[in-house]
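# Chains, contacts and geometry: an overview
Chain residues, written in single-letter form:
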Amino acid sequence: MFVRITIFTMNTFRPALPLLVTATIIFCNTILSAASVTDTVPFPASWAGNWTGTLSLYYPSGKTQSVAMTVEIHPIDTSKEGRYTFGLVYGSKEQDWRPYELVPVNPAKGIWKVDEKNSIVMESFLCGPKLLCWFVVQNSRILCTYEKISDTEMIFEVCSGQEKAVSTTGNTKQGEEDIPEVLTYPVSVFQRAVLKKV
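Residues numbered from 1 in each chain as written. Predicted model: local features only at pLDDT ≥ 70, side-chain atom pairs only at ≥ 80, totals over all residues. Heavy atoms only, no water.

Assignment of secondary structure puts Val136 in strand S8 (residues 130–137). For the pair Val136 and Gly161, spaced 25 residues apart in the sequence, the C-alpha separation amounts to 9.6 Å. Non-local contacts of Val136, meaning those with residues more than four positions away in its chain, are made with Arg141 and Glu163. (Helix = DSSP H or I, 4+ residues; strand = E, 2+ residues; numbered from the N terminus. Contact = heavy atoms within 4.5 Å.)

Structure below.
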(Lines give C-alpha, C1' and ligand atoms only; values in the text may rest on other atoms or scores of the structure.)
Protein backbone atom coordinates (compact mmCIF):
# COMPACT_ATOMS: atom_id res chain seq x y z
CA MET A 1 0.00 0.00 0.00
CA PHE A 2 1.09 3.38 -0.78
CA VAL A 3 -1.34 6.23 -0.30
CA ARG A 4 -1.76 8.35 -3.41
CA ILE A 5 -3.20 11.82 -2.81
CA THR A 6 -4.57 13.81 -5.73
CA ILE A 7 -4.86 17.55 -5.14
CA PHE A 8 -7.29 19.53 -7.26
CA THR A 9 -7.45 23.30 -7.62
CA MET A 10 -10.32 24.50 -5.46
CA ASN A 11 -11.37 27.19 -7.95
CA THR A 12 -11.92 24.55 -10.61
CA PHE A 13 -13.41 21.74 -8.55
CA ARG A 14 -15.28 23.44 -5.70
CA PRO A 15 -18.78 22.56 -7.09
CA ALA A 16 -17.77 18.90 -7.41
CA LEU A 17 -16.28 18.54 -3.92
CA PRO A 18 -19.27 16.61 -2.42
CA LEU A 19 -19.11 14.22 -5.40
CA LEU A 20 -15.37 13.68 -4.86
CA VAL A 21 -15.92 12.92 -1.18
CA THR A 22 -18.72 10.50 -2.02
CA ALA A 23 -16.59 8.79 -4.64
CA THR A 24 -13.74 8.43 -2.18
CA ILE A 25 -16.02 6.81 0.41
CA ILE A 26 -17.43 4.41 -2.18
CA PHE A 27 -13.90 3.55 -3.35
CA CYS A 28 -12.76 2.84 0.22
CA ASN A 29 -15.81 0.69 0.88
CA THR A 30 -15.09 -1.23 -2.32
CA ILE A 31 -11.53 -1.95 -1.16
CA LEU A 32 -12.75 -3.13 2.23
CA SER A 33 -15.39 -5.34 0.65
CA ALA A 34 -12.87 -6.85 -1.75
CA ALA A 35 -10.50 -7.59 1.12
CA SER A 36 -13.22 -9.29 3.14
CA VAL A 37 -14.20 -11.44 0.15
CA THR A 38 -10.59 -12.47 -0.47
CA ASP A 39 -9.89 -13.52 3.14
CA THR A 40 -12.55 -15.56 4.90
CA VAL A 41 -10.08 -15.98 7.80
CA PRO A 42 -9.50 -12.76 9.78
CA PHE A 43 -6.19 -10.90 9.93
CA PRO A 44 -3.54 -11.81 11.00
CA ALA A 45 -4.40 -15.53 10.84
CA SER A 46 -5.01 -15.14 7.09
CA TRP A 47 -1.46 -13.79 6.70
CA ALA A 48 0.25 -16.57 8.69
CA GLY A 49 3.30 -18.14 7.09
CA ASN A 50 6.78 -17.35 5.82
CA TRP A 51 6.94 -14.90 2.92
CA THR A 52 10.20 -14.73 0.98
CA GLY A 53 11.55 -12.67 -1.89
CA THR A 54 14.04 -9.99 -2.91
CA LEU A 55 13.91 -6.47 -1.51
CA SER A 56 14.98 -3.84 -4.06
CA LEU A 57 16.09 -0.34 -3.05
CA TYR A 58 15.61 2.55 -5.47
CA TYR A 59 17.18 6.00 -5.14
CA PRO A 60 16.37 9.24 -6.99
CA SER A 61 19.86 8.99 -8.52
CA GLY A 62 18.83 5.68 -10.10
CA LYS A 63 21.18 3.56 -8.02
CA THR A 64 19.64 0.21 -7.11
CA GLN A 65 20.52 -2.38 -4.49
CA SER A 66 18.84 -5.64 -3.53
CA VAL A 67 18.84 -8.10 -0.64
CA ALA A 68 16.97 -11.32 0.16
CA MET A 69 14.08 -10.79 2.57
CA THR A 70 11.66 -12.91 4.60
CA VAL A 71 8.63 -11.95 6.70
CA GLU A 72 7.68 -14.52 9.34
CA ILE A 73 4.09 -14.33 10.66
CA HIS A 74 2.98 -17.04 13.10
CA PRO A 75 0.72 -17.21 16.17
CA ILE A 76 2.54 -17.28 19.50
CA ASP A 77 1.12 -20.26 21.39
CA THR A 78 2.02 -18.84 24.81
CA SER A 79 0.43 -15.44 24.16
CA LYS A 80 -2.91 -14.75 25.85
CA GLU A 81 -3.13 -11.40 24.02
CA GLY A 82 -3.34 -12.94 20.57
CA ARG A 83 0.18 -11.90 19.60
CA TYR A 84 1.83 -13.07 16.38
CA THR A 85 5.46 -13.17 15.40
CA PHE A 86 6.24 -10.49 12.84
CA GLY A 87 9.86 -11.30 12.18
CA LEU A 88 11.90 -9.64 9.43
CA VAL A 89 14.98 -11.33 7.99
CA TYR A 90 17.36 -9.50 5.66
CA GLY A 91 19.89 -11.74 3.96
CA SER A 92 19.93 -14.45 6.63
CA LYS A 93 19.15 -14.68 10.34
CA GLU A 94 22.87 -14.59 10.99
CA GLN A 95 23.14 -11.32 9.06
CA ASP A 96 20.02 -9.39 10.12
CA TRP A 97 17.09 -10.90 12.02
CA ARG A 98 14.47 -8.70 13.66
CA PRO A 99 12.16 -10.87 15.82
CA TYR A 100 9.32 -8.35 16.05
CA GLU A 101 5.83 -9.20 17.31
CA LEU A 102 2.39 -8.06 16.18
CA VAL A 103 0.16 -7.04 19.08
CA PRO A 104 -3.62 -6.50 18.88
CA VAL A 105 -4.84 -3.16 20.25
CA ASN A 106 -8.31 -2.74 18.76
CA PRO A 107 -8.64 -5.19 15.84
CA ALA A 108 -12.23 -4.14 15.17
CA LYS A 109 -10.89 -0.68 14.27
CA GLY A 110 -7.82 -2.04 12.50
CA ILE A 111 -5.39 -0.91 15.21
CA TRP A 112 -2.34 -3.03 16.00
CA LYS A 113 1.17 -2.47 17.32
CA VAL A 114 4.54 -3.76 16.16
CA ASP A 115 6.66 -4.56 19.20
CA GLU A 116 10.35 -4.51 18.33
CA LYS A 117 11.20 -6.08 21.71
CA ASN A 118 13.65 -3.30 22.55
CA SER A 119 11.30 -0.68 24.09
CA ILE A 120 10.17 0.51 20.61
CA VAL A 121 6.48 -0.21 20.00
CA MET A 122 4.75 1.38 17.01
CA GLU A 123 1.07 1.60 16.14
CA SER A 124 0.15 0.00 12.83
CA PHE A 125 -3.15 0.29 10.99
CA LEU A 126 -4.96 -2.27 8.87
CA CYS A 127 -6.72 -0.30 6.12
CA GLY A 128 -8.49 -2.61 3.71
CA PRO A 129 -5.87 -5.01 2.33
CA LYS A 130 -2.86 -3.13 3.74
CA LEU A 131 -1.07 -2.89 7.06
CA LEU A 132 0.59 0.51 7.44
CA CYS A 133 3.08 1.89 9.92
CA TRP A 134 4.11 5.57 9.66
CA PHE A 135 6.79 6.94 11.95
CA VAL A 136 9.74 9.30 12.36
CA VAL A 137 13.19 8.17 13.45
CA GLN A 138 16.40 10.17 13.47
CA ASN A 139 14.78 13.01 11.48
CA SER A 140 13.48 10.69 8.75
CA ARG A 141 9.82 10.07 7.90
CA ILE A 142 9.19 6.43 7.08
CA LEU A 143 6.06 4.73 5.74
CA CYS A 144 6.06 0.92 5.77
CA THR A 145 3.27 -1.03 4.09
CA TYR A 146 2.44 -4.71 3.77
CA GLU A 147 -0.25 -5.91 1.36
CA LYS A 148 -1.35 -9.50 0.89
CA ILE A 149 -2.56 -9.57 -2.70
CA SER A 150 -3.30 -13.29 -2.91
CA ASP A 151 -3.00 -16.47 -0.86
CA THR A 152 0.58 -16.83 -2.07
CA GLU A 153 1.86 -13.29 -2.62
CA MET A 154 2.56 -10.23 -0.47
CA ILE A 155 3.94 -6.78 -1.36
CA PHE A 156 6.23 -4.98 1.09
CA GLU A 157 7.08 -1.31 0.50
CA VAL A 158 8.95 1.41 2.35
CA CYS A 159 9.12 5.10 1.45
CA SER A 160 11.51 7.28 3.44
CA GLY A 161 13.06 10.73 3.42
CA GLN A 162 14.17 13.57 5.65
CA GLU A 163 11.52 15.23 7.81
CA LYS A 164 12.72 18.68 6.73
CA ALA A 165 10.59 20.16 3.94
CA VAL A 166 12.32 20.90 0.63
CA SER A 167 9.81 23.60 -0.34
CA THR A 168 6.92 25.63 1.03
CA THR A 169 4.33 27.00 -1.37
CA GLY A 170 0.80 28.37 -1.19
CA ASN A 171 -0.22 30.49 1.80
CA THR A 172 -1.59 33.12 -0.56
CA LYS A 173 -4.91 34.53 -1.70
CA GLN A 174 -6.19 33.93 -5.25
CA GLY A 175 -9.22 36.13 -5.81
CA GLU A 176 -11.61 35.13 -3.02
CA GLU A 177 -9.82 31.87 -2.30
CA ASP A 178 -7.45 31.41 0.63
CA ILE A 179 -4.76 29.03 -0.59
CA PRO A 180 -3.34 26.88 2.22
CA GLU A 181 0.34 26.47 2.85
CA VAL A 182 1.78 23.25 1.44
CA LEU A 183 5.06 21.71 2.60
CA THR A 184 6.73 19.21 0.27
CA TYR A 185 9.05 16.56 1.72
CA PRO A 186 11.86 14.69 -0.06
CA VAL A 187 12.01 10.99 -0.85
CA SER A 188 15.51 9.60 -0.40
CA VAL A 189 14.82 5.91 -0.97
CA PHE A 190 11.97 3.64 -2.02
CA GLN A 191 12.05 -0.07 -1.18
CA ARG A 192 9.85 -2.79 -2.63
CA ALA A 193 9.68 -6.56 -2.35
CA VAL A 194 7.34 -9.09 -3.93
CA LEU A 195 7.19 -11.92 -1.38
CA LYS A 196 6.01 -15.46 -2.07
CA LYS A 197 4.59 -17.74 0.59
CA VAL A 198 6.82 -20.75 1.17
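Attention shifts here to the packing of aromatic side chains. On inspection of all chains with the given rule, the structure shows five aromatic pairs. Measuring from centroid to centroid gives 6.4 Å for Tyr58 and Phe190, while their planes differ by 25 degrees, and the two rings are stacked. Separated by 132 residues along the polypeptide, Tyr58 in strand S1 (residues 49–58) and Phe190 in strand S13 (residues 189–197) bring together distant segments of the chain. Taking relative accessible area as the criterion, Tyr58 reaches 39% and is therefore assigned partly exposed. The partly exposed category is assigned to Phe190, whose relative accessible area is 26%. Where Phe86 meets Tyr146, the ring centres are 4.9 Å apart and the plane angle is 70 degrees; that geometry is what we call edge-to-face. Taken together, the positions of Phe86 in strand S3 (residues 84–90) and Tyr146 in strand S9 (residues 140–150) put the pair 60 residues apart, joining distant regions of the chain. (Phe/Tyr/Trp six-rings, centres within 6.5 Å; stacked < 30°, edge-to-face > 60°. Buried < 20%, exposed > 50% of the residue type's maximum accessible area, 1.4 Å probe, protein only.)

Treat this as a map of the structure, not an account of what it does.
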